[in-house]
Amino acid sequence: MKKDKVICHCYNITVAKIIKAVEKGTTDWKDLKKELKIATDCKKCKEHAKAVFKDIVKEYK
Ligand code: FES
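The structure presented is a predicted model; accordingly, all values stated were derived computationally and were not measured.

Conventions used here
Residues numbered from 1 in each chain as written. Predicted model: local features only at pLDDT ≥ 70, side-chain atom pairs only at ≥ 80, totals over all residues. Axes fitted to C-alpha atoms, helices over the stretch in contact; angles between N-to-C directions. Helix = DSSP H or I, 4+ residues; strand = E, 2+ residues; numbered from the N terminus. Parallel < 35°, antiparallel > 145°, perpendicular 65-115°, else oblique. Left-handed = near helix turned anticlockwise from the far one by under 90°. Contact = placed C-beta atoms within 7 Å. Nonpolar A, V, L, I, M, F, W, Y, C, P; charged D, E, K, R; others polar.

Draft legend 1. Main features of the packing of helix α1 (residues 15-23) against helix α3 (residues 46-60). Remark: α1 packs on α3, axes separated minimally by 10 Å, with the N-to-C direction vectors making an angle of 50°. Overall, the two elements α1 and α3 adopt an arrangement that is oblique. The element α1 and its partner α3 pack so that their crossing is right-handed. Contacts between α1 and α3 involve Val15, Ile18, Ile19, Val22 and Glu23 from the first element and Val52, Phe53, Ile56, Val57 and Tyr60 from the second. Taken together, the residues that form the contact of α1 with α3 break down as nine nonpolar, no polar and one charged.

Here is the structure:
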């Protein structure tokens, strides 16, 4: 997956931003939402964002 791909358009959150958060130790979806506000506005990105986050946690934690 391209790192500049935007996963959550409401908050302009890219794959790279999620990777950064995971590398800093965020491995829980609720914590990621608090940290980046991802999937907290229109929520259209929610299911996809969750799946991407899970994959990134597997790969980068
Ligand atoms: S696209 Fe993520 S909350 Fe709207």
